[in-house]
Amino acid sequence: MDQAGSREGTAERRGAVPLADLARATPEGTARFAARFAATRVADFHRQAAGDVLVSSIGIGTYLGECEDAEDARYQGALRAAVGAGVNLIDTAINYRCQRSERAVGVAVAALLAAGTVRRDELVICTKGGYIPLDGNVPASRDEYNALLEREYFERGVMRREDVVGGGHCLAPAFLADQIARSRANLGIATIDWYYVHNPEQELPTLGRETFRRRMVRAFEALEAKVAAGDIGGFGCATWNGFRVPPDARDHLSLEELVGIAREVAGEAHHFRVVQLPVNLAMSEALRAQTQLVGGRPRTLVEAALDLGITVVASASLMQASLARALPTAVRDALPRFDTDAQRALAFVRGAPGVTSALVGMRDASHVRENVAIAAVEPT
């Protein structure tokens, strides 16, 4: 058995439910979940998204934090609190916290399933691949990191040295397949609902547009194969700069071109369905800047996504907590019914036209309560 297969076996033994018995998010399951919170959440708290599932308009992110057991436990507690409060969109990435964030999600989901709090088909679980992940802890030296690359990737034929861009990013099909296997094992689930290619624009300045396009074609071919195998439900791109910068920028991504690649690979039945990018009070380009062209017409990212049938998920809703305090008086006056600056900043993103869900990192149950309170039904 190869290493990925061995890790999947470990995940089956660790989890409360075997991988083979777990489902994926479905329209019926997510509607069932949303119905349980209909009396306590505003009417649009759960919104239709890619694949006709209903996702919470506030999602839980797992990016920040130290690579330590105490941080794992905090995330597990916050995840349990979030699902208990009506949040069913869970976002992570294999490189977050040296794979610890994925594993914390896996432990929390297994506990929720075992307790009967939620069913697997009610949760939309998302992760990302593209950055070469560390494992458990940060290597003590560059030599130790290079040894990890040799052992885990080059010697096993997962990728070649020339596939690596910038010392730590890769879009090779075999690498993405390996990462999906590792992520499924870390998460303890059979199917990842949405799988994002993570910051692909990082490779653009190095490769140039033609080589980059060829790599994206091969990546999408690999991801469509993983959809057919049942390992992922759909896929997309999670970006930082790519969709926010103008078309003449070296790292600009065209949503129309990406959808075109998906159609080239799999026709109209393709599974490129979702994009993720920063949207917040300080980074509002997706809402106001016409960085995209669709049919030759200038469009904002959210307009382009609507034209092309793509779900938009906002990341960095609080800009890594920097918008959670000391907002300008004008912003506070514009959002008077909220109690804290974090609520105001999150409400701006959740209420932005074209944004399906606003992700916010949460490591404490009190933060979960504060954030979901913006969507509570007002007492009559």
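Okay, so let's go over this structure. Small disclaimer: the values here were computed from a predicted structure and weren't measured.

**Focus: helix 6 (residues 173–187)**
Because an α-helix packs 3.6 residues into every turn, residues spaced three or four apart end up facing the same way.
Working step 1: Given a rise of 1.5 Å per residue, 15 residues ought to cover 21 Å, and the 21 Å separating the end C-alpha atoms of helix 6 matches this to within 8%.
Working step 2: Of all the 15 residues making up helix 6, 12 are buried; the element is thus mostly covered by neighbouring parts of the structure.
Working step 3: Looking only at helix 6, the buried set comprises Phe-175, Leu-176, Asp-178, Gln-179, Ile-180, Ala-181, Arg-182, Ser-183, Arg-184, Ala-185, Asn-186 and Leu-187.
Working step 4: Just downstream of helix 6 lies Gly-188, where phi reads positive at about 70°.

**Comments concerning the pattern of salt bridges**
Side-chain pairs of opposite charge can arise whenever the charged atoms involved come near each other.
Working step 1: Counted according to the given criterion, the structure contains 33 salt bridges.
Working step 2: Here Arg-100 makes a salt bridge to Asp-72, at a shortest N to O gap of 2.7 Å. Taken together, the positions of Arg-100 in helix 4 (residues 100–115) and Asp-72 in helix 3 (residues 69–84) put the pair 28 residues apart, joining distant regions of the chain. In terms of burial, Arg-100 and Asp-72 fall into one category: buried.
Working step 3: A salt bridge links Glu-152 to Arg-151, with the nearest nitrogen and oxygen atoms 3.5 Å apart.

**Things to note about the packing of aromatic side chains**
Working step 1: Counting across every chain of the model gives 6 aromatic pairs.
Working step 2: Ring centres 6.0 Å apart and planes at 70° place the aromatic pair Phe-235 and Phe-272 in the edge-to-face group. Taken together, the residues Phe-235 in strand 7 (residues 232–238) and Phe-272 in strand 8 (residues 272–278) connect sequence positions 37 residues apart.
Working step 3: Since its relative accessible area comes to 1%, Phe-272 is described here as buried.

**Thoughts on the packing of helix 8 (residues 209–229) against helix 9 (residues 255–266)**
Working step 1: Running from N to C, helix 8 and helix 9 cross one another at 55°; their axes reach a closest spacing of 9 Å. It follows that helix 8 is oblique to helix 9 by the angle criterion. With respect to the hand of their crossing, helix 8 and helix 9 are arranged in right-handed fashion. Of the residues in helix 9, those in contact with Arg-213, Met-216, Val-217, Phe-220, Glu-221 and Glu-224 of helix 8 are Glu-257, Leu-258, Ile-261, Ala-262, Glu-264, Val-265 and Ala-266.
Working step 2: Counted by class, the contact of helix 8 with helix 9 contains 8 nonpolar, no polar and 5 charged residues.

Procedures and definitions
- Residues numbered from 1 in each chain as written.
- Predicted model: local features only at pLDDT ≥ 70, side-chain atom pairs only at ≥ 80, totals over all residues.
- Heavy atoms only, no water.
- Helix = DSSP H or I, 4+ residues; strand = E, 2+ residues; numbered from the N terminus.
- Expected span 1.5 Å × (residues − 1).
- Buried < 20%, exposed > 50% of the residue type's maximum accessible area, 1.4 Å probe, protein only.
- Salt bridge = Lys/Arg side-chain N within 4 Å of Asp/Glu carboxyl O.
- Phe/Tyr/Trp six-rings, centres within 6.5 Å; stacked < 30°, edge-to-face > 60°.
- Axes fitted to C-alpha atoms, helices over the stretch in contact; angles between N-to-C directions.
- Parallel < 35°, antiparallel > 145°, perpendicular 65-115°, else oblique.
- Left-handed = near helix turned anticlockwise from the far one by under 90°.
- Contact = heavy atoms within 4.5 Å.
- Nonpolar A, V, L, I, M, F, W, Y, C, P; charged D, E, K, R; others polar.

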